[in-house]
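Examining the three-dimensional arrangement
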Amino acid sequence: MNTINYQKELDKLIDKLNKEERVPSLLLHSCCAPCSSYVLEYLSQFFKITVFYYNPNIYPQQEYEMRVKEQEKFIKDVPATHEISFVAGEYDTKTFYNMAKGMENEKEGGERCFGCYELRMKQTAQLAKEMGFDYFTTTLSISPLKNSQKLNEIGGKLEGEYEVNYLYSDFKKKNGYKRSVELSKEYEMYRQDYCGCIFSMREREAAKALSASEL
């Protein structure tokens, strides 16, 4: 199967938008402040952005609250060409666990993760439609561990369902991930070592334990 270079698709769209007088609005789903850092630095040149923090997968609640505070702080601190605002979604963990039922033992990066992508992106698309945004997208593709082809496939499907433009992207391109690491250090951000859910935390802890036993 041929893969699509979604960064090139985004470059084409930005070239088109630069020729227009109006600055479009974007609802950006963010999974955490570090992942949003480069994306906001980059896209705020071309869009009026509202960061939508909807992550019912995060465990435990203390971790969730820490990430919310870090996200809000970064938005206040980062210089931006156009306005960046913030909307917090509901921390409805039951919705996430219902989605994950039967897939608890899946490895990271499999079907459970794809369901989690869609759960969060669907809520973003719905809100974008309700609030009249020009575009919606997610920061998730900045991670080298996230499947950008699948993310964009889901985004395209939701674009059709909700009749709101999806911003195709692969933010790890053009050294996006590297820049996010640099910005995390520059702003002294809390940078977690697992994706966020209890399943990824357990997998990370098991890997740490195995590594320690091999020393």
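Below you will find a few notes about this structure. On a predicted model such as this, the values are computed, not experimentally measured, just so you know.

What the largest pocket holds in volume is close to 550 Å³. Lining of the largest pocket is provided by 24 residues; of these, Ser143, Leu145, Lys146, Tyr194 and Cys195 occupy positions nearest its centre. Those elements that provide at least two residues to the lining of the largest pocket are helix 2 (33-43), helix 5 (111-131) and helix 8 (198-213). Here the lining of the largest pocket takes 3 residues from helix 8, the largest share from any one element. Considering only residue class, the lining of the largest pocket consists of 13 nonpolar, 4 polar and 7 charged.

Leu43 and Phe47 are the most contacted members of the largest nonpolar core, which has 57 residues in total. With 9 residues, helix 5 is the single largest residue contributor to this core. Aside from chain neighbours lying at most four places away, what touches Phe47 is Leu17, Val23, Pro24, Leu26, His82, Tyr135 and Leu167.

Enumeration according to the criterion identifies 1 cavity of 30 Å³ or more in this entry. Here the largest cavity defines a volume of roughly 80 Å³. Looking at the lining of the largest cavity, the element that brings in the most residues is helix 5, giving 5 residues.

Rules of the game
Residues numbered from 1 in each chain as written. Predicted model: local features only at pLDDT ≥ 70, side-chain atom pairs only at ≥ 80, totals over all residues. Heavy atoms only, no water. 1 Å grid on protein atoms, 1.4 Å probe; cavity = no way out; pocket = protein on both sides within 12 Å on 5 of 7 lines; lining within 4 Å. Points joined across faces, edges and corners; volume = space filled by probe spheres on them. Helix = DSSP H or I, 4+ residues; strand = E, 2+ residues; numbered from the N terminus. Nonpolar A, V, L, I, M, F, W, Y, C, P; charged D, E, K, R; others polar. Core = buried A, V, L, I, M, F, W, Y, C linked by side-chain atoms within 4.5 Å. Buried < 20%, exposed > 50% of the residue type's maximum accessible area, 1.4 Å probe, protein only. Contact = heavy atoms within 4.5 Å.

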